[in-house]
Amino acid sequence: MIYIPDEALDRMIQEDVPYLDLTTWVLGFGPVPGRMEYFTRQEGILCGTEEAGRILGKLGVQVTHAAPSGHALRPGEIFLTAEGPADAIHMGWKVTQSLLEYCSGIATKTKRVVEAVHSVNPRMPVVTTRKSFPGAKQQSVKAILAGGAFPHRLGLSETVLVFGEHIAFLGGLESFMERIPDIKSRLPEKKLLAETQSLEEAWLLAGAGVDALQFDKLPPEQLRAAAAELKAGFPGLILLAAGGIDEHNAAEYASAGVDALVTTSLFSAKPMDMSVRITPR
């Protein structure tokens, strides 16, 4: 689903093993053949086995079985097995376990939110903001994809989303609206999105020609009425709901008449409860 480059995986190894595994080295059983089994203690959506396998391979451990990202896990299921020298196995143990737990936690939470939304509106997408933990965007994006969501913005370089902070530098709302035709002419293949927290402002922006409105922290009941009126007045207008949307209220927002739900909450998922069994072979 997404390619994570070797240098990112090398950094993960380097963080945990800056030089050597001192414990294994001093105990002296490094060359002894070993086997490693990864299993889960709970249901969830698996993510990260492809990268875990590449990390193990870099250390000289051979993966003998791996379920793919997106696989639905059952409690107790062994989803990855590997064999190799004991020192290499112990070097790769925790970095791969942590990667799998965090990525699978995000994927599992994502799946719950997506299922809640689709129980109300099967066609509504759940999309994520660019506010993943710095340095972990590639893994985070892969995890939300595995859980059934999609990135709303991967970064600042691909979309035009105007916030109030931008408008302040243009001299205010009226000045921004006057410039909308010029802004759209500069990037004709892009859509112009604007965030709003006011229904009055939403009408003004829609009338001025924005392609999409992102409502921030508007309660579902207010959003429902506003969406119906705006869609009637501007049939081609795209409406997004954002701000505070999580697994507890996503279904309610799904019935509000918008085109997509935008959330950051998926990135703050609790790591999945996984374990690793290591034995001599």
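From a predicted model like this one, the values you see are computed outputs, not experimental measurements.

Summed over the entire model, instances satisfying the criterion amount to one cavity of 30 Å³ or more. In this model, the largest cavity occupies a volume close to 40 Å³. Taken together, Val160, Ile183, Lys184, Leu187, Lys190, Lys191 and Leu192 make up the full set of residues lining the largest cavity.

A side chain with one charge may pair with a side chain of the opposite charge, provided their charged atoms come close. One pass over the full model with this rule turns up 15 salt bridges. Across the pair Lys231 and Asp259 runs a salt bridge whose closest N-O atoms are separated by 2.7 Å. Of the two residues, Lys231 is situated in helix α9 (residues 220-233) and Asp259 in the loop between α10 (250-254) and β12 (260-263); the sequence distance between them amounts to 28 residues. For Asp259, a relative accessible area of 32% gives the class partly exposed. Counted as one network, the salt bridges with shared partners bring together Arg35, Glu37, Glu83, Arg277 and Arg281.

This part covers the nonpolar core. Counting residues in each nonpolar core, the largest one holds 52 residues, and the members touching the most others are Leu213 and Leu261. Ranked by residues supplied to this core, first place goes to helix α4 (residues 86-118) with eight residues. Leave out the neighbours within four places in its chain, and Leu261 touches Val117, Met124, Pro125, Val126, Val127, Ala241, Ile245, Ala250, Tyr253 and Ala254. Residues Met36, Leu100, Met272 and Val276 belong to the second largest nonpolar core, which totals 17 residues.

Cut-offs used in this document
- Every chain is numbered on its own, with residues counted from 1 as its sequence reads.
- The predicted nature of this model means local features are confined to residues of pLDDT at least 70 and side-chain atom pairs, given and counted, to a pLDDT of 80 or more, with totals for whole chains, interfaces and linings taken over all residues.
- No hydrogens and no water enter the side-chain calculation; it runs on all heavy atoms of the structure.
- As defined here, a cavity is a set of points on a 1 Å grid over the protein atoms alone where a 1.4 Å probe fits but cannot get out. A pocket is an open set with protein on both sides within 12 Å along at least five of seven lines, and residues line them when an atom is within 4 Å of a point.
- Grid points are joined across faces, edges and corners, and a volume is the space filled by probe spheres set on the points.
- Definition used for salt bridges: Asp or Glu carboxyl oxygen within 4 Å of a side-chain nitrogen of Lys or Arg.
- Helix and strand labels come from DSSP, where a helix needs a run of H or I of at least four residues and a strand needs a run of E of at least two; each type is numbered from the N terminus.
- For the exposure calls, accessible area comes from a 1.4 Å probe over protein chains only, and a residue counts as buried if that area is under 20% of its type's maximum, exposed if over 50%, partly exposed in between.
- Among buried residues, those of type Ala, Val, Leu, Ile, Met, Phe, Trp, Tyr and Cys that are joined through side-chain atoms within 4.5 Å constitute a nonpolar core.
- Contacts are residue-level and defined by heavy atoms, with any inter-residue pair within 4.5 Å sufficient.

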